[in-house]
There are 12 protein chains.
Amino acid sequence: MSVITLINGPNLNLLGTREPDLYGSERLGEVIQRLETRASQAGHQFTHFQNNSEGALIDYIQEVQHTASIALFNPGAYTHTSLALRDAILAVRLPFVELHLTNLAKRESVRQHSHFTDLAIGLVSGFGVASYDLALEAALYYLASTTSSFRGIPHGHS
Amino acid sequence: MSVITLINGPNLNLLGTREPDLYGSERLGEVIQRLETRASQAGHQFTHFQNNSEGALIDYIQEVQHTASIALFNPGAYTHTSLALRDAILAVRLPFVELHLTNLAKRESVRQHSHFTDLAIGLVSGFGVASYDLALEAALYYLASTTSSFRGIPHGHS
Amino acid sequence: MSVITLINGPNLNLLGTREPDLYGSERLGEVIQRLETRASQAGHQFTHFQNNSEGALIDYIQEVQHTASIALFNPGAYTHTSLALRDAILAVRLPFVELHLTNLAKRESVRQHSHFTDLAIGLVSGFGVASYDLALEAALYYLASTTSSFRGIPHGHS
Amino acid sequence: MSVITLINGPNLNLLGTREPDLYGSERLGEVIQRLETRASQAGHQFTHFQNNSEGALIDYIQEVQHTASIALFNPGAYTHTSLALRDAILAVRLPFVELHLTNLAKRESVRQHSHFTDLAIGLVSGFGVASYDLALEAALYYLASTTSSFRGIPHGHS
Amino acid sequence: MSVITLINGPNLNLLGTREPDLYGSERLGEVIQRLETRASQAGHQFTHFQNNSEGALIDYIQEVQHTASIALFNPGAYTHTSLALRDAILAVRLPFVELHLTNLAKRESVRQHSHFTDLAIGLVSGFGVASYDLALEAALYYLASTTSSFRGIPHGHS
Amino acid sequence: MSVITLINGPNLNLLGTREPDLYGSERLGEVIQRLETRASQAGHQFTHFQNNSEGALIDYIQEVQHTASIALFNPGAYTHTSLALRDAILAVRLPFVELHLTNLAKRESVRQHSHFTDLAIGLVSGFGVASYDLALEAALYYLASTTSSFRGIPHGHS
Amino acid sequence: MSVITLINGPNLNLLGTREPDLYGSERLGEVIQRLETRASQAGHQFTHFQNNSEGALIDYIQEVQHTASIALFNPGAYTHTSLALRDAILAVRLPFVELHLTNLAKRESVRQHSHFTDLAIGLVSGFGVASYDLALEAALYYLASTTSSFRGIPHGHS
Amino acid sequence: MSVITLINGPNLNLLGTREPDLYGSERLGEVIQRLETRASQAGHQFTHFQNNSEGALIDYIQEVQHTASIALFNPGAYTHTSLALRDAILAVRLPFVELHLTNLAKRESVRQHSHFTDLAIGLVSGFGVASYDLALEAALYYLASTTSSFRGIPHGHS
Amino acid sequence: MSVITLINGPNLNLLGTREPDLYGSERLGEVIQRLETRASQAGHQFTHFQNNSEGALIDYIQEVQHTASIALFNPGAYTHTSLALRDAILAVRLPFVELHLTNLAKRESVRQHSHFTDLAIGLVSGFGVASYDLALEAALYYLASTTSSFRGIPHGHS
Amino acid sequence: MSVITLINGPNLNLLGTREPDLYGSERLGEVIQRLETRASQAGHQFTHFQNNSEGALIDYIQEVQHTASIALFNPGAYTHTSLALRDAILAVRLPFVELHLTNLAKRESVRQHSHFTDLAIGLVSGFGVASYDLALEAALYYLASTTSSFRGIPHGHS
Amino acid sequence: MSVITLINGPNLNLLGTREPDLYGSERLGEVIQRLETRASQAGHQFTHFQNNSEGALIDYIQEVQHTASIALFNPGAYTHTSLALRDAILAVRLPFVELHLTNLAKRESVRQHSHFTDLAIGLVSGFGVASYDLALEAALYYLASTTSSFRGIPHGHS
Amino acid sequence: MSVITLINGPNLNLLGTREPDLYGSERLGEVIQRLETRASQAGHQFTHFQNNSEGALIDYIQEVQHTASIALFNPGAYTHTSLALRDAILAVRLPFVELHLTNLAKRESVRQHSHFTDLAIGLVSGFGVASYDLALEAALYYLASTTSSFRGIPHGHS
C-alpha cells in the first residue's frame, strides 16, 4: 500500500464556483472524494493539499517526502513562475504526474513553458476535471509497473 | 457505438524492437490488440494506421473523416515539422487526443513545440506504452461526456 | 453605493519612510485617509489591504469578489512576476484600475512588462502619490458611467 | 496662470464619428470645450492642436515651447513610430502628460512600446474620452505641486 | 456603379522616369489612363491620388471614406513604417487591394513586413506595372461577388 | 503556344467540400475547367497536378521542366516547411506565380514566411478561389510580355 | 560592534539532509554555529533567518534594516524570480554579500541571471558550504575597510 | 563647378538655440554661411534645405536630382525611421555624405541603426557642428577624386 | 567484408544534368560506378538508394539496419527539415558519414543547421562530386580503424 | 606541499597606478607579496604570471600543468572573448578559482558572460583587491578538503 | 604643441599592396608621411604604430598614455572582437578618433558592431585612404577647440 | 609542383600528449611526417606552422601568400573568435581546406559558428587525426582539378 497525494496550487480552491459553463459545476471537494474512492479500491491511501502561497506549498512538499510515494501535481500559475517549487521537488525527489485542467497550448504565450514537466513522470493536460482522474490512472500504472518498460523513462532531472 | 482510430507517425512501427530496455519489449501489434479489447468492452469499434510518409498520413486522415468519431494520434517526429498534417486535421475537424511515449520536455529543444497540441482535446505524454492506454481512457471520457463541463473546452483551433 | 477597495503589493507599507526626497514624506496611512474621505463624499465605501506575500494577496482578492465593485491595484514588484495574482483577478473578474507611483518606462527593462495591464480598465502611472488620487477619480468615472462610451472598452481578458 | 495645451496626433479628428458604440458619440470639439471650462476654473489658459502630419506636429511643439507650461499629449499612432516627434519634445523640454483612449496593453504587439512614456511626467491610458479629463487633473496636480514629493520624479530623459 | 480609387504612396510619381530598364518606360499617367478605361468599361468610376507625405495620404483616406467603394493601394515605403496610415484605414474601414511593383520577398529584410496586408482583401505583388492591372481585376471580382465564397474572407482586422 | 501547369499541394483536393461558407462550394474540378477554357482562349495548353506528398510534388516538378513554360503554384502547407520543394524549383528553373486562397498575413505566425516567394515571378493571395483566376491572368501577362519592363524583374533566386 | 545577519531563502533548511554526497552532511544548524563563533571572535554579533516564503523574507529584511550592518544573503531559487525581494533590498539599502553553494554557471540557463548581484557588494559562489565561510570573511573585510580602496565600489544600484 | 546641397531633417532648425552648453551657440544660419564661403572658395555652388516633414524632404530630393552633384545629409531622427526617404535617395541616385552632430553609438539603442549609411559615400559623426565642416571636406575630396582609389567604393546600394 | 550504402535525398537524381558549369557534367550513375569500384578494391560491397520522398528514405534506412555497416548520407534539403529521418537514424543506430556537394556555410541562413551532423561520424562538405569520394575514403578509415584513437569519438547522440 | 599559481590577464599590470580612488593605491607587486606570505604560512609554494598577450598566457598555462596544483585566475578582458584560453584550461585540466576585482554584474552587457566560470571550482568577484585574498582562502579550503562534501562539485567541463 | 599618434591594427601593414583597384596603390608609408607633414604644419608632433598582435597594441597604448594627446585609431578586425584593447583605452583614457577605410555598414553583419565607437570622440569611415586625412583634420579641430561647443560631447565611457 | 602548407592554431602543439584515449597517442610531429611523405609522393612540397598567438599566425599567412598554393588550416579555438585571421585570409586570398579533429556539431553552442568555413574550399571535420589525411586528399583533388566541375565553387568571399 502506497500513499498518493494530490497537490493543488493557487486559485484551484475556486474549482466549480467560477465559470461553471467552462469547467463544469463539480467542486474540488467532490473531485477529491471520487479520487479517494478510486485510490482506495486500488489499495492505496489518498491525501490532498491546496494553498495559494508558494512558501506553504514548498513546506508541504518537504513534509510529505518520507510518507508519500507519488504525487498528482497541478501547480496552477506557479507552473510558469516558481523555481523555488521546482527546487523543492528536486530536493525531495518525489515522483509526480503533472496535470492541468486546460490545454496549455491554447493559452497565452507566457503559459507555454512549465518549470516542472522535465521533472515529471509524465503529463496529462486539457481534459477538464477528467485530467485528475487520468492522472490518478497514470499514477496507478506507475506504482504497478515493475519492469523497465515503464520505469525505464526516469522521472529525475535529465 | 463510435469508431476510435489510432494513428501512428514515422518510425513507430519499430516499437518493441528497438531499445527494449528503454521502451519495453511490447510490440506495436500487442498494444493495438489490448486497445482493441478495451474499446470493444466499452462498446466502440477500433481501427489503426501507421506510416512513415507525411502524404500517406494526410490521405488517411482525409479518408476517415466521415467514419471515425475520435482519433488517438502519435505524430512521431512530424509533431514538430508538419504543417500539412496540421492542415489535414484542421480541414476534417476530427477530434483527437495527442499522445507521446516520451516526456517531450526532457528531449532536445527542437522537440519542445508541437504543431498539434493547440488543436487537440488534450495531451498525454511520458508514460511509455501506457500513454496509449491513458489516451484511450481520455477518449472514452470524451465520448461519454455530454455536459458542458467536458466539451466546454473545444478541440478546435483557438 | 459601491465598495471601492485599494490593494497594495509588497514593500508599499514603507511609503513615506523611504527616500522622502523622492517619494515625499506622506505615509500610506495618510493617503488612505484622504482617499476614504473623497470616496465617501462621492457616496461610496472605501476599504484597503497591503501585504508582502503573494498568497495573502490572492486570498484577499478571492474574499472581496462578492463585496467590492472595483479595485485600485498597485501590485508593486508582483506586477512583473506573478501569474498567480493574474489568475486570481481573472477568476473573480473584479474590475480594477492599475496604478504605479513611478513611470515604469523610466525603470530597468525587467519592469517594462506588466502581467495586469491587459486586464485592467486602464492605467495611471508616474504621478507619485497623486497616482492614487487619479486612480480613484478614474474609478469614480467608471462607476458613474452607464453608456457604452466608457464601458465599451471591456476590462476582461482580450 | 499657466497655459495648458492639448496636442492630438493623426486620426483623432475623427473622434465621435467612428465606431460610436466603442468610443461613444462625443466629438473632439465637445471634449475640448469641457477641458477648456475645467482649466479656466482652475485659473489656467487652454489651447489645442490636431494634425495628421508628423512635420506639422513638430512645428507646433517648437512654436509653443515659450508659451505653454505643460501639454496633454495623445500622439496617436506616432506613439510607436516617430523618433522625430520624440526629438522635438526633447529639444524644447516641454513637460507633458501622455494619454491614450484605449488600453495599449490590449492592442497588437507593435503598439506595446511608446517612444514618449519615458519622457512623460506620467501616463493615463484606457479610460476612453475620460482619459482626457484625468490627464488634465494630473496636469493640475503637477502645476500645483511645489514640494519634492511630486516633482522629485523628473520628467526629463532618464 | 461604384467608385474605385487608386492611392499611391511616396516616390511613385517617379514611375517611368527612373530605371526604365527595370520598371519599363510607362509613366504613372499612362497607367492611370489605362485603368480608367478598364474601370469605366466595367461600369465604375475611377479616381486617383499620389503624395509623398504621410499626413496628406491620411487626409485623403479620411475624405474618400463616404464616396469610394474600394481602393487599390500601393503604400510605397510607408508599407513598412506607417502605423498612422494603418489607423486611418482601420478608422474608415475602406476595403482595399494591396499592390506592389516588386516582389517584396526579394528585397532587404526591413521590407519583409507590411503594416497593411492583414487588413487588405488580398495582395498582388511582383508583376511590375501589371500589378496595377491585376489589382483592378481583383477589385472587379470583389465588387461583382455577392456570395459568401468571396466575401467570406473578411477584409477587416482579424 | 505554351504549356501552363497548375500545381496544388496538400489538402487542396478538398476544395469545395470543406467549410463551404468560408471558401464557397466550388470544387477543385470546376476551377480547373474554368482555367482550362481561359488558357485555351488565350492560345495555351493547360495541365494540372495535386498531391498530398512532398516527394510526389518534387517528382512532378522534375518531370514538367522540359514541357511547361510556366506554373501556377499553390504549395499549401508546404509553403512554410519544404526546402526540398524549393530545391526542385531552383534545380529546374521553372518560372511560376505563387498563389494562396487566404491572405497569409491574417494567419498564425508560423505561416508568415514562404520558402517560395523570393523565387516567384510574383504573388497573388487572399482572393479565395479568384486567386486562381488572377494568377492565370498574371501568367498570361508574363507570357505576352517581351520588353524589359516586365521581365526586368527576374524570377530567379536573388 | 556590528550585527551581521545571515538570510537563507527557500529549501535551504534541508541543507545536510539531502544529497549528502554532493553537499556534505553538515546541517544548516552546524554552519550557523561555526559562523557565529567566527563573527564573535571578530567582535560582531551574528543573527540568522530562513524561510520558504517570499513574503516572510521581505518582512524580515524590512525588520532588520535599522539593526543589521550587513547581510550574508543566499536567496535560493528566489535569486532568479523575485523582483519583490530585490525591491525590499533596494528600499532598506542593506549592504550584503551574495552567496551560493553551487557554481550557477554550471546550472541550467534559467539560473544564469541573478536579480541581486548588481546590488551586492560582491559575490561568492561554488565552494559548497565553504561559500558561507568565505562570504563571512568578505563581510569582515568590508566592515574593517575604511579607505576608498574597498568602499570605492558602491553596493548601490548602478 | 558642381552644386553641393546641404539637407537637414527635423528639429535641426533649432540648432544653436537649444542646449548651447552641449551643441554650442552657433546657429544653423551661421554654419550655412561658413560652408557657403568654403564651397565657393573651392569653386562650387552651395544650396541648402531644412524641413520637419518627411514628405517635404522627399519632394526636395526629387527636385535637386538633376542640378546637385552631391549632398551633405543630416536626416535627424528620420535616420532611423524613414524608408521613404531611403527610397527617394535610391531613386534619384544622388551621391551623399551622411553626417550627425552626435556620436550615435553613445545614444539609445533605437538610434544604433541608420537607413542611410549603406547608401552613403561615407559617414562623419560625433564632432558637434564641426561635423558639417568635415562632411564638406569629404565632399570636396570626392568631387576632386578621379582615380579608382576613391571612387572604387561605390555609393550605390550594395 | 562490410556493406557500405550510399543514401541520396531529394533532387540528387538530377546530378550532372543541372548547372553543369557549377557541378560538372558527371551524372549520379557515373559517380556510383566509381565508388563501387573503389569499395570493391578495398574488399567491401557497395549499395545505393535515392528518393525524393521523406517516407521512402525512412523505409530504406529501417530496411538496411541489419545488412549495412556504414552509410554515406547526403540528405539534400531534408538536412534542415526532417526530424523523422533523424529519428530513423537514431532508431537503427547506423554509423554514417554526412556529405554535401556544396559548402553549406556559403548558402542562405536556413541551410546553416543540419539535423544530422551531431549524429554523424564526421562531415565532408563543399568539394563538389569529390565529396562522395572523400566520404568513401573516410568510411574506409572508419572500417579499418580498430584502436580507440579513431573510434574514441563515438557516432552516437551526445 | 602544493604549488598555487596566480595568473593575471591583460592590463592588470597597471593595478594601483590607474584610478586609485576606485581600486586603491596598492600595486600588483604588493598584493603578490602578501599572498606569497599567506600561502607559505599554509605550507604551500606561490608563483605568479601576468601578460597582455593571449598567446603568452596560453603558453604559461601549458607550462605549469605538471607543477601547479591550483590556480587563482583573473583573465581580465579575455574573460569574455578568449576561447583559446578556455581550450588551454580544458586541455591541461588545471583546477582554478576565478576572480575579478569588480562586480561584473555592474558592468556593461558584453561583460555579463564569462567563458571560464563553468570550468572553475568557484567564483569570487567584486571585492576589489580583497578578491585576491578571498580567492586564496578558497583555494586553501579546496586543497585541504578531502571529503566529497567539497570535491563533489567537480571543476571539469559539465 | 601636442603629440598625435596613429595606431593601426592587424593587416593594415599590407595597405597599398593588396587590391589596388579597390584601395588605390598608396602604401601605408606614404600615407604616414603626408599626415606627418600636415600635423607639423599645424604645429604638432606625429608618431605611428602598426602591429598584428593584440598584446603589442595594448602595450603601445599603455606606453603612450603620458606622451600622446590624441590618437587616430584604426583597430582593423579587432574593432569587433577585442575587449582587451577596449580596456586598455578605458584604463589610459586617451582621446581618439576612430577611423576605417571602408564603410562598415556595407560589410557582413559581424562587422556591424564596434567595441570602440562609444568611447571615441567621433567616427570617420568609408572614404578609403582619405579617411586618414579626415581623421587628422577632426583631431586638429579637437585640439584647437576650447569652448564647450565641441568638448561638450565627452569622449569617455558613457 | 606546388607548396602545400599546414597551419595549426592554439593548443594543437599538445596533440598526442593530452587525452590519448580520446585523440590517440600520435604526436603532431608524426602526423606531419606522414603528410609530408604523402605530399611528396604526389609531387608536392609540404611545409607547416603552429603557434598559440593570433598575431604570429597572421604574420605567417602574410608571409606564405606568394609561395604556398594551398593550405590545410586547423584554426583551433580561433575558429570562433578571430576576425583578424579571417581578414588575413581574405587579404592574401590563399585557397585552403578547413579541418577539425572533432565534430564541432557535438560541442558547446559557442563552437557552432566558424569565421572561416564560408571562405574555405571545403570542410573536413570529426575524423580525429585522420581529418589531416582527408584534408590532404581534398587538397590533392583541388590541385589536380582543372575543369569547372570542381573549381566552379569558388573559395573567395561569397
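Residues numbered from 1 in each chain as written. Chains lettered and ligands numbered in written order. Predicted model: local features only at pLDDT ≥ 70, side-chain atom pairs only at ≥ 80, totals over all residues. Heavy atoms only, no water.

**Details of the environment of K:Asp87**
Turning to step 1, where the next piece is worked out: Locating K:Asp87 in the fold gives a position in helix α5 (residues 83-92).
Turning to step 2, where the next piece is worked out: Judged by its relative accessible area of 12%, K:Asp87 falls in the buried class.
Turning to step 3, where the next piece is worked out: Once residues lying within four places of it in the same chain are set aside, the contact partners of K:Asp87 are J:Asn11, J:Arg18, J:Ala77 and J:Arg111. (Helix = DSSP H or I, 4+ residues; strand = E, 2+ residues; numbered from the N terminus. Buried < 20%, exposed > 50% of the residue type's maximum accessible area, 1.4 Å probe, protein only. Contact = heavy atoms within 4.5 Å.)

**Topic: the sheet that holds strand β2 (residues 45-50) of chain E**
Turning to step 1, where the next piece is worked out: Read across the open sheet, the ten strands follow the order β2(E)-β1(E)-β3(E)-β4(E)-β5(E)-β5(F)-β4(F)-β3(F)-β1(F)-β2(F); overall the sheet is mixed. Both outer strands of the open sheet, β2 of chain E together with β2 (45-50) of chain F, are each paired with one neighbouring strand and no more. Along the sheet, successive strands turn relative to each other by an average axial angle of 20 degrees, direction set aside.
Turning to step 2, where the next piece is worked out: As judged from the six bridges shared by strand β1 (residues 3-8) of chain E and β2(E), these two strands associate in the parallel manner. By the bridge assignment for β2(E), E:Val3 is matched with E:Gln45.
Turning to step 3, where the next piece is worked out: Each of β1, β3 (70-74), β4 (96-100) and β5 (122-125) of chain E touches helix α6 (residues 130-144) of chain E; the most contacted strand, β3(E), lies at about 155 degrees to it. (Pairing = 2+ DSSP bridges. Axes fitted to C-alpha atoms, helices over the stretch in contact; angles between N-to-C directions.)

**Side note on the relation of the copies chain A and chain G**
Turning to step 1, where the next piece is worked out: Here chain A sits on chain G after a turn of 120 degrees about the axis and a move of 0.1 Å along it, with an RMSD of 0.0 Å. Here the symmetry operator amounts to a three-fold rotation axis.
Turning to step 2, where the next piece is worked out: Comparing interface residues between copies, only 11% of those in chain A also sit at the interface in chain G, which points to a heterologous contact through distinct surfaces. (Least-squares fit on C-alpha atoms with pLDDT ≥ 70 in both.)

**A closer look at the sheet that holds strand β1 (residues 3-8) of chain J**
Turning to step 1, where the next piece is worked out: Taken in spatial order, the ten strands of this open sheet run β2(G)-β1(G)-β3(G)-β4(G)-β5(G)-β5(J)-β4(J)-β3(J)-β1(J)-β2(J), and their pairing is mixed. Only two strands of the sheet have a single partner each, and these edge strands are β2 (45-50) of chain G together with β2 (45-50) of chain J. Across this sheet, the average inter-strand angle for adjacent strands is 20 degrees, counted without regard to direction.

**Here we look at helix α2 (residues 28-41) of chain J**
Residues and elements named next belong to chain J.
Turning to step 1, where the next piece is worked out: The terminal C-alpha atoms of α2 lie 20 Å apart, and with 14 residues this matches the ideal 20 Å at 1.5 Å per residue to within 8%.
Turning to step 2, where the next piece is worked out: For α2, the complete set of buried residues consists of Leu 28, Val 31, Ile 32, Leu 35 and Ala 39. Relative to the axis of α2, the buried residues are bounded by an arc of 95 degrees and lie together on one face. Within α2, the exposed residues directed more than 90 degrees away from the buried face are Gln 33 and Gln 41.
Turning to step 3, where the next piece is worked out: Here the buried face of α2 lies against β1, β2 and α6 (130-144).
Turning to step 4, where the next piece is worked out: In the stretch just after α2, Gly 43 is the one whose phi turns positive, near 85 degrees. (Expected span 1.5 Å × (residues − 1). Arc of directions from axis to C-beta.)

**Focus on unusual backbone geometry**
Turning to step 1, where the next piece is worked out: At G:Arg93, a position not held by glycine, the phi torsion is positive, near 50 degrees.
Turning to step 2, where the next piece is worked out: With respect to the secondary-structure elements, G:Arg93 resides in the loop between α5 (83-92) and β4 (96-100).
Turning to step 3, where the next piece is worked out: The phi angle at J:Asn11 is positive, at roughly 75 degrees, despite the residue not being glycine.
Turning to step 4, where the next piece is worked out: Mapped onto the elements, J:Asn11 comes out in the loop between β1 and α1 (20-23).

**Looking at the side chain of L:Asn11**
Turning to step 1, where the next piece is worked out: Taking the relative accessible area as the measure of exposure, L:Asn11 reaches 1% and is therefore buried.
Turning to step 2, where the next piece is worked out: When near neighbours in sequence (up to four residues on either side) are disregarded, L:Asn11 contacts J:Ile58, J:Gln62, J:Ala84, J:Asp87, J:Ala88, L:Arg18, L:Gln50 and L:Asn52.

**Remarks on the environment of A:Thr67**
All names here are of chain A.
Turning to step 1, where the next piece is worked out: Counting through the fold element by element, Thr 67 comes out in the loop between α3 (54-63) and β3 (70-74).
Turning to step 2, where the next piece is worked out: The exposed category is assigned to Thr 67, whose relative accessible area is 53%.
Turning to step 3, where the next piece is worked out: Taking the C-alpha atoms as reference, Thr 67 lies 30 Å from His 113; in sequence the two are 46 residues apart.

**Comments concerning the side chain of L:Thr117**
Turning to step 1, where the next piece is worked out: For L:Thr117, the position within the fold is in the loop between β4 (96-100) and β5 (122-125).
Turning to step 2, where the next piece is worked out: Assessed through its relative accessible area of 9%, L:Thr117 is described here as buried.
Turning to step 3, where the next piece is worked out: Every residue in contact with L:Thr117, bar those within four places of it in the chain, is listed here: I:Asn103, I:Ala105, L:Glu98 and L:Leu123.

**Considerations on the pairing of strand β3 (residues 70-74) of chain F**
Residues and elements named next belong to chain F.
Turning to step 1, where the next piece is worked out: Counting buried residues along β3, five of its five residues qualify, which places the element largely inside the surrounding structure.
Turning to step 2, where the next piece is worked out: Going residue by residue along β3, you find Ile 70, Leu 72 and Asn 74 tucked away on one face and Ala 71 and Phe 73 tucked away on the opposite face as well.
Turning to step 3, where the next piece is worked out: By the bridge criterion, five bridges tie strand β1 (residues 3-8) to β3 in an arrangement that is parallel. When the bridges of β3 are listed, Ile 7 appears paired with Phe 73.

**Some remarks on the arrangement of the chains**
Turning to step 1, where the next piece is worked out: Nothing in chain C touches chain F; the tightest C-alpha to C-alpha distance between them is still 17 Å.
Turning to step 2, where the next piece is worked out: No part of chain D reaches chain F; the closest C-alpha pair between them is 13 Å apart.

**With respect to the pattern of salt bridges**
Residue and element names in this part refer to chain B.
Turning to step 1, where the next piece is worked out: With the rule as written, the count across this model stands at 87 salt bridges over all chains.
Turning to step 2, where the next piece is worked out: Between Arg 34 and Asp 133 there is a salt bridge; the shortest N-O distance is 2.7 Å. Placement of Arg 34 in helix α2 (residues 28-41) and of Asp 133 in helix α6 (residues 130-144) is noted, with a sequence separation of 99 residues between them.
Turning to step 3, where the next piece is worked out: Judged by its relative accessible area of 33%, Arg 34 falls in the partly exposed class.
Turning to step 4, where the next piece is worked out: Using a relative accessible area of 10% as the deciding quantity, one classes Asp 133 as buried.
Turning to step 5, where the next piece is worked out: Across the pair Arg 38 and Glu 137 runs a salt bridge whose closest N-O atoms are separated by 2.7 Å. Of this pair, Arg 38 sits in helix α2 while Glu 137 sits in helix α6; the two residues are 99 residues apart in sequence, bridging distant segments of the chain. (Salt bridge = Lys/Arg side-chain N within 4 Å of Asp/Glu carboxyl O.)

**What to know about the packing of helix α3 (residues 54-63) of chain D against helix α5 (residues 83-92) of chain D**
The relative placement of two packed helices comes down to the angle between their axes together with the axis-to-axis distance.
Residues and elements named next belong to chain D.
Turning to step 1, where the next piece is worked out: The contact between α3 and α5 brings their axes to 9 Å, and the two run at 5 degrees. Between α3 and α5, the interaxial angle falls into the category roughly parallel. Residue-level inspection shows Glu 54, Leu 57, Ile 58, Ile 61 and Gln 62 of α3 in contact with α5, the latter providing Ala 84, Leu 85, Ala 88, Ile 89 and Val 92.
Turning to step 2, where the next piece is worked out: Tallied by class, the residues present in the contact of α3 with α5 amount to eight nonpolar, one polar and one charged. (Parallel < 35°, antiparallel > 145°, perpendicular 65-115°, else oblique. Nonpolar A, V, L, I, M, F, W, Y, C, P; charged D, E, K, R; others polar.)

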